[in-house]
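Chain by chain, the residues run as shown.
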Amino acid sequence: MNIAKTLFTTALLILASAAWAGGDFKPKHGGVVQEVSEIQYEVVAKADSVAIYIEDHSKKIDTKGARASSNDT
């Protein structure tokens, strides 16, 4: 249940920050998009995972092999 709360909170924070973003970035994968220093991040939350897509000026950044972890135990 902690993971669900974390995902929900993360999505709310991203949505809130996206509301004040200077640009209008459309999601390509059904997530929430935010631009930071000209790099676009799209976060897609699913029931059991989170995917992050990253682009730099519309060029996909390869994240193959990237890993993430949670401190929740």
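Residues numbered from 1 in each chain as written. Predicted model: local features only at pLDDT ≥ 70, side-chain atom pairs only at ≥ 80, totals over all residues. Heavy atoms only, no water.

**Let's talk about the sheet that holds strand S1 (residues 32–36)**
What the 4 strands build is an open sheet, ordered S1-S2-S3-S4; its pairing is antiparallel. Whereas interior strands pair on both sides, the edge strands pair on one side only; in this sheet they are S1 and strand S4 (59–60). Bridging between strand S3 (residues 50–56) and S4 involves 2 bridges; their strand directions are antiparallel. Bridge pairing in S4 links Asp56 to Lys59. (Pairing = 2+ DSSP bridges. Helix = DSSP H or I, 4+ residues; strand = E, 2+ residues; numbered from the N terminus.)

**Observations regarding the pattern of salt bridges**
One pass over the full model with this rule turns up 1 salt bridge. With a shortest N-O distance of 3.0 Å, Glu55 and Lys28 are connected by a salt bridge. One end of the pair, Glu55, is in strand S3; the other, Lys28, is in the loop between helix H1 (2–19) and S1, with 27 residues separating them in the sequence. With a relative accessible area of 13%, Glu55 lands in the buried category. (Salt bridge = Lys/Arg side-chain N within 4 Å of Asp/Glu carboxyl O. Buried < 20%, exposed > 50% of the residue type's maximum accessible area, 1.4 Å probe, protein only.)

**Details of the environment of Ala47**
With respect to the helices and strands, Ala47 occurs in the loop between strand S2 (39–45) and S3. Look at Ala47 and you get exposed, because its relative accessible area is 82%.

**Quick word on the pairing of S3**
Inspection of the sheet shows S2 paired to S3 by 7 bridges, in the antiparallel sense. The residue bridging Glu42 from the neighbouring strand is Tyr53, located in S3. A loop of 4 residues connects S2 with S3, the two strands running antiparallel in sequence. From the end of S3 to the start of S4, which pair antiparallel, there are 2 residues, and His57 there has a positive phi angle of about 50°.

**With respect to the environment of His29**
Summarising the element assignment, His29 is placed in the loop between H1 and S1. With a relative accessible area of 36%, His29 lands in the partly exposed category. As a C-alpha pair, His29 and Val44 span 15 residues in sequence and 7.0 Å in three-dimensional space. Not counting the four nearest positions on each side in its chain, His29 is found in contact with Glu42, Val44 and Tyr53. (Contact = heavy atoms within 4.5 Å.)

**Some points on the pairing of S2**
Both faces of the sheet carry side chains from a regular strand, because those side chains alternate between them. By the bridge criterion, 5 bridges tie S1 to S2 in an arrangement that is antiparallel. In the strand pairing of S2, Gln34 is matched with Tyr41. The turn linking S1 back onto S2 is made up of 2 residues, and Ser37 within it adopts a positive phi angle of 50°.

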